[in-house]
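Here's the letter readout for the chains.
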Amino acid sequence: MKMRTFLMAGLLLAGSTTLAVAATQSARLAQRFSQADTNHDGKLTLQEAQAGMPMVAKHFSEIDTQGTGSITQAQIESFVAAHR
């Protein structure tokens, strides 16, 4: 019983640590996205990405799956999640 409780506590701790890291990464992405979005329209053009998020700019065409010429924070998050 003690071993089971110990294992459950470890799993919960690991899960909460993972959630904390994900939340921190998401907050950091939101801040960087906001800074790069110089016209504050909720999306980045290639030029905005090149100036403020160069790693995103390198993958811009892969992230812009709809071919609109702009990308949203949600699209960046989806791309990152798919390439972990």
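Residues numbered from 1 in each chain as written. Predicted model: local features only at pLDDT ≥ 70, side-chain atom pairs only at ≥ 80, totals over all residues. Heavy atoms only, no water.

(A) Quick look at the nonpolar core. Ranked by internal contacts, the top residues of the largest apolar core, which has 13 residues, are L44, A49, M53, V56, I63, I71 and I76. Within the residue set of this core, elements represented by two or more residues are α1 (2-36), α3 (54-58), α4 (60-63) and α5 (73-82). The element that contributes the greatest number of residues to this core is α1, accounting for 3 residues. If near-sequence neighbours (up to four positions away) are discounted, I71 is found in contact with F33, K43, L44, V56, F60, I63, D64 and I76. (Core = buried A, V, L, I, M, F, W, Y, C linked by side-chain atoms within 4.5 Å. Buried < 20%, exposed > 50% of the residue type's maximum accessible area, 1.4 Å probe, protein only. Helix = DSSP H or I, 4+ residues; strand = E, 2+ residues; numbered from the N terminus. Contact = heavy atoms within 4.5 Å.)

(B) Region of interest: the environment of D41. Checked against the element boundaries, D41 lands in the loop between α1 and β1 (44-45). Taking C-alpha positions, D41 is 9.6 Å from T72, a pair spaced 31 residues apart along the chain. Here the side chain of D41 touches K43 through a polar contact of 3.1 Å, landing on its backbone nitrogen. (Polar contact = N/O pair within 3.5 Å; in protein donor to acceptor, adjacent residues only side chain to side chain.)

(C) Representation of the side chain of E48 in the model. By secondary structure assignment, the location of E48 is in helix α2 (residues 46-52). Among buried charged residues, E48 stands out as having no salt bridge; its nearest opposite-charge side chain is K43, 9.0 Å away. Among the polar contacts made by the side chain of E48, one reaches the main-chain amide nitrogen of T45 at a distance of 2.9 Å. Ignoring sequence-local partners within four residues, the contact set of E48 consists of A36, D37, T38, N39, K43 and M53. (Lys, Arg positive; Asp, Glu negative; His and termini not counted. Salt bridge = Lys/Arg side-chain N within 4 Å of Asp/Glu carboxyl O.)

(D) Representation of the environment of A51. With respect to the helices and strands, A51 occurs in helix α2. Note on A51: relative accessible area 72%, which makes it exposed. Each C-alpha atom, one on A51 and one on A36, is 7.0 Å from the other, the two residues being 15 residues apart in sequence.

(E) Broad picture of unusual backbone geometry. Backbone geometry at H40 places phi at a positive 55 degrees, although glycine is not the residue there. One can find H40 in the loop between α1 and β1.

(F) Molecular detail of the layout of surface pockets. Taken as a whole, the largest pocket holds about 470 Å³ of empty space. Surrounding the largest pocket, 17 residues form its lining, Q25, L29, I76, V80 and R84 being those nearest its centre. Elements represented by at least two residues in the lining of the largest pocket include exactly α1, α3 and α5. In terms of residue count, α1 provides more of the lining of the largest pocket than any other element does, 6 residues in total. Here the lining of the largest pocket is built from residues that sort into 10 nonpolar, 3 polar and 4 charged. (1 Å grid on protein atoms, 1.4 Å probe; cavity = no way out; pocket = protein on both sides within 12 Å on 5 of 7 lines; lining within 4 Å. Points joined across faces, edges and corners; volume = space filled by probe spheres on them. Nonpolar A, V, L, I, M, F, W, Y, C, P; charged D, E, K, R; others polar.)

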